Amino acid sequence: MCNIASLLLAVPTGLAVALFVVLPIIGLAIGGAVAWVVLKKVSKKKSAQKLDDTEKQVEELLKNAESESQRLKKEAILEAQEQEIRRRNEFEQEMKEKRAEQQRQEARLSRQEDMLEKKESELDKKNDALDNQRNALEEKKTAYEQKLEEVKKQQEQVSHQHELMIQELERVAQLTKDEAKKLLTEEILEETRHDCALQVRNLEQEAKEEADLNAKNIISLAIQRCASDHASESTVSVVPLPSDDMKARIIGREGRNIRAIEQATGIELIIDDTPEVVILSGFDPVRREIARLTLERLIQDGRIHPARIEETVEKVTRELDQQIKAAGENAMFEVGIFGLHPEIIKLIGRLKFRTSYGQNVYRHSIEVAQLAGLMAQELGLDVNFAKRAGLLHDIGKAVDHEQEGTHIQLGADLAKKFRENAMIVNAIMAHHGDVEPKTIEAVLVQAADAISGARPGARRETSTNYIKRLEKLEEIATSFAGVDKSYAIQAGREVRVIVKPDQVDDAKALFLAKDIAKKIETELEYPGQIKVNVIREFRSVEYAK
């Protein structure tokens, strides 16, 4: 190596560089050739060894395959023998079952043949019996025909004698057959009608006595369990003033304050010579209550001017809406019903400021609901349905100042709008008898409404309406034929009708009372019920001289 290095140092620079590049390449080529020769010899030895190993493995595999095939052959022969034995056993079992089934069928057919032979013999016997009966019936038919001929001859003889008797009777009575029949029929009808009227009167009297007793027990128990107080309320609101000087402040300069109050509330303020009093007049009870509360607060505050008035009205309106909602919820909880629509609850609360004949409709509705529920409980009916119908029966009065129509129609429309039951709608429409009630609960609502309105002091009406109602009551009673005089007594709760005894008998008096009561129900509006008392009196007067 030292010699090679020394030689390279002696070589020129360009040639040295060429030698440094070519020599490694030549060395790599020689090393690769030597490695290839060595690897080839080694691979030949390994291939020969692998070939020997493979031949040994093939021989072993052939021996194993031959032994395995011999084993599988023996197993296949054994399995085939077992299947043959199994199939032979199954075939023998199937043949045994078929032979048994064939034997059973042959026995069944034998029994059926025996039964058919017995039935055939029985049919032969029945045919013989029927032939005997047919012969007997033929003999009876011949005998009956002969008797029928004899009866027809006798009937003809009797008919001829009957005609002769009728002719003789017509000659003696000087009446034809049709005239006598008509006269007899009229007399029988008149007697029958009179007897029926007497029977109906007795039955109705017994039924009324029993029904009155039961109704009095139920109603008295309901009233006893629901003894609420009544206070007659005025429909005109009056606001007291601390002094008459406050009237001028309420009116304001050139009347601007009073105009602002009337415009904001829709209620008319009446300020007259009455000392220390301002009267609020309006048809809407809720607005009248808003005006009353607003005026009271303004008087208490002392600051009365248009801006303050509008602010107070808005505040009072919001507070009153909350009070109305709370009043509706309290009524619902007091009665014990739930699930009412929120708008229905508000309308019930509005009834707190509504009066009818001086009676507060809010308290009246609650009382009707409680009375109807108590009576329904006594009769074993749906208590919740009766209470719900009673509470909603006057719901139309909450909007009758705002919409056209009767409170009955308005209430029914509201109930339909807020998806109340159809039977609830019928109870609302039937509580004054405008339509026929479809349920017993609707009848109980009618009775509860009459009881609540008929309590002493519960309602009041003007003297003019009272007198007109009494006059109309007497006029209806005297409009019937046979009525001599009529008197409305007990504040219009009873009408006594005096009839002419020569024109109206006892039986007709019963129907006359019914007709008068029906006409009163149709043509007259009245609270509670009216008793129709028909009196027939016969007097015989003679003077001793």
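Keep in mind the model is a prediction, meaning the values are calculated, not measured.

A.B. asks: Describe the overall build of the protein chain, naming the residues involved and giving the relevant values.
C.D. replies: Looking only at helices and strands, one finds 15 helices and eight strands in the protein chain. Residues classed as buried in the protein chain amount to 28% of the 545 residues present. Counting only carbon and sulfur atoms, one obtains 53% of the accessible surface of the protein chain, whose full area is about 38200 Å².

A.B. asks: Please provide a residue-by-residue account of the packing of helix α11 (residues 407-417) against helix α12 (residues 422-430), values included.
C.D. replies: As a packed pair, α11 and α12 sit with axes 8 Å apart at the nearest point and diverge in direction by 170 degrees. Classified by the angle their axes make, α11 and α12 are roughly antiparallel. Residues I408, Q409, G411, A412, A415 and K416 of α11 touch α12, and the partners they reach there are V425, I428 and M429. Within the contact of α11 with α12, the residues separate by chemical class into six nonpolar, two polar and one charged.

A.B. asks: Describe in detail the pattern of salt bridges, supporting the description with residues and values.
C.D. replies: Across all of its chains, the model carries 19 salt bridges by this definition. When the shortest N-O distance is used, the salt bridge between D301 and R308 registers 3.2 Å. The closest approach of N and O atoms between D400 and R354, which form a salt bridge, is 2.5 Å. Note that D400 is positioned in the loop between α10 (383-392) and α11 and R354 in the loop between α8 (342-350) and β4 (355-356), a separation of 46 residues in sequence. Relative accessible area serves as the criterion here: at 12%, R354 is assigned to the buried category.

A.B. asks: Could you give an account of the confidence of the model for the protein chain, naming the residues involved and the relevant values?
C.D. replies: Residues with a pLDDT of 70 or more make up 85% of the protein chain, whose mean pLDDT is 80. Counted against residues more than four places away or in other chains, residues 1-18, with its pLDDT under 50, gives four contacts. Considering only residues more than four positions removed or in separate chains, one finds that residues 229-234, a stretch of pLDDT under 50, has 14 contacts.

A.B. asks: Please set out the environment of D245 residue by residue, giving values where relevant.
C.D. replies: In this structure, D245 sits in helix α4 (residues 245-251). On the accessibility criterion, D245 (61% relative accessible area) is exposed. Sequence-wise, D245 and E276 are 31 residues apart; in three dimensions their C-alpha atoms are separated by 8.6 Å.

A.B. asks: Account for the packing of aromatic side chains, with residues named and values stated.
C.D. replies: What describes a pair of aromatic rings is the distance from one ring centre to the other and the angle between the planes of the rings. According to the stated counting rule, one finds one aromatic pair in the structure shown. Residues F333 and F338 carry aromatic rings whose centres are separated by 5.8 Å and whose planes lie at 50 degrees to one another, so their mutual orientation is tilted. Taking the relative accessible area as the measure of exposure, F338 reaches 53% and is therefore exposed. The positively charged end of K519 is found above the aromatic ring belonging to F480, 5.4 Å away from the centroid.

A.B. asks: So what about the sheet that holds strand β8 (residues 531-536)? Which residues, and what values?
C.D. replies: The strand order across the open sheet built from three strands is β6-β7-β8, with neighbouring strands paired in mixed fashion. The sheet is open, and its two edges are formed by β6 (483-489) and β8, each paired on a single side. In this sheet, adjacent strand axes meet at a mean angle of 20 degrees when their direction is disregarded.

A.B. asks: So what's going on with the nonpolar core? Which residues, and what values?
C.D. replies: If you look at the biggest cluster of nonpolar residues, it comprises 44 residues, and the most contacted ones within it are L340, L347, I348, Y362, L391 and L392. At the level of elements, α7 (306-335), α8, α9 (361-379), α10, α11, α12 and α13 (440-454) are the ones that each hand at least two residues to this core. Here the element with the most residues in this core is α9; it accounts for nine residues. If we ignore the near neighbours within four places in the chain, the residues touching L392 are L340, I344, I348, E420, I424 and I428.

A.B. asks: Give a description of the pairing of β6 that names residues and reports values.
C.D. replies: Across six bridges, the pairing between β6 and strand β7 (residues 494-499) is antiparallel. Opposite I489, over in β7, you have E494 as the bridge partner.

A.B. asks: Outline empty space enclosed by the protein, supporting the account with residue identities and numerical values.
C.D. replies: Taken as a whole and assessed by the stated rule, the structure comprises one cavity of 30 Å³ or more. Put simply, the largest cavity is a space of about 50 Å³. Lining the largest cavity we find D284, P285, V286, R350, R354, K397, A398, H401 and E402. Split into classes, the residues belonging to the lining of the largest cavity amount to three nonpolar, one polar and five charged.

A.B. asks: Residues and numbers for α7, please.
C.D. replies: Every α-helical turn comprises 3.6 residues, leaving residues that sit three or four positions apart pointing alike. Over its 30 residues, α7 runs 43 Å from end to end, which matches the ideal 44 Å to within 8%, given 1.5 Å per residue. Within α7, burial applies to R308, I309, T312, V313, V316, L320, I324, A327, G328, A331, M332 and V335. Contact partners of the buried residues in α7: α5 (256-265), α6 (285-301), α8, α9 and α10. Phi for G336, located one or two positions after α7, is positive at around 95 degrees.

A.B. asks: Would you mind going over unusual backbone geometry in detail, with residue names and values included?
C.D. replies: Here E254, not a glycine, exhibits a phi torsion of approximately 55 degrees, which is positive. Relative to the helices and strands, E254 is located in the loop between α4 and α5. For E254, a relative accessible area of 72% corresponds to the exposed category. In this model, R419 sits at a positive phi of 60 degrees, which is unusual for a non-glycine residue. Residue placement: R419 occurs in the loop between α11 and α12.

Criteria and cut-off values
- Residues numbered from 1 in each chain as written.
- Predicted model: local features only at pLDDT ≥ 70, side-chain atom pairs only at ≥ 80, totals over all residues.
- Heavy atoms only, no water.
- Helix = DSSP H or I, 4+ residues; strand = E, 2+ residues; numbered from the N terminus.
- Buried < 20%, exposed > 50% of the residue type's maximum accessible area, 1.4 Å probe, protein only.
- Areas by Shrake-Rupley, 256 points an atom, 1.4 Å probe, with all protein chains shown as cover.
- Axes fitted to C-alpha atoms, helices over the stretch in contact; angles between N-to-C directions.
- Parallel < 35°, antiparallel > 145°, perpendicular 65-115°, else oblique.
- Contact = heavy atoms within 4.5 Å.
- Nonpolar A, V, L, I, M, F, W, Y, C, P; charged D, E, K, R; others polar.
- Salt bridge = Lys/Arg side-chain N within 4 Å of Asp/Glu carboxyl O.
- pLDDT = per-residue confidence, 0-100.
- Phe/Tyr/Trp six-rings, centres within 6.5 Å; stacked < 30°, edge-to-face > 60°.
- Lys NZ or Arg CZ within 6 Å of the ring centre and 35° of its normal.
- Pairing = 2+ DSSP bridges.
- Core = buried A, V, L, I, M, F, W, Y, C linked by side-chain atoms within 4.5 Å.
- 1 Å grid on protein atoms, 1.4 Å probe; cavity = no way out; pocket = protein on both sides within 12 Å on 5 of 7 lines; lining within 4 Å.
- Points joined across faces, edges and corners; volume = space filled by probe spheres on them.
- Expected span 1.5 Å × (residues − 1).

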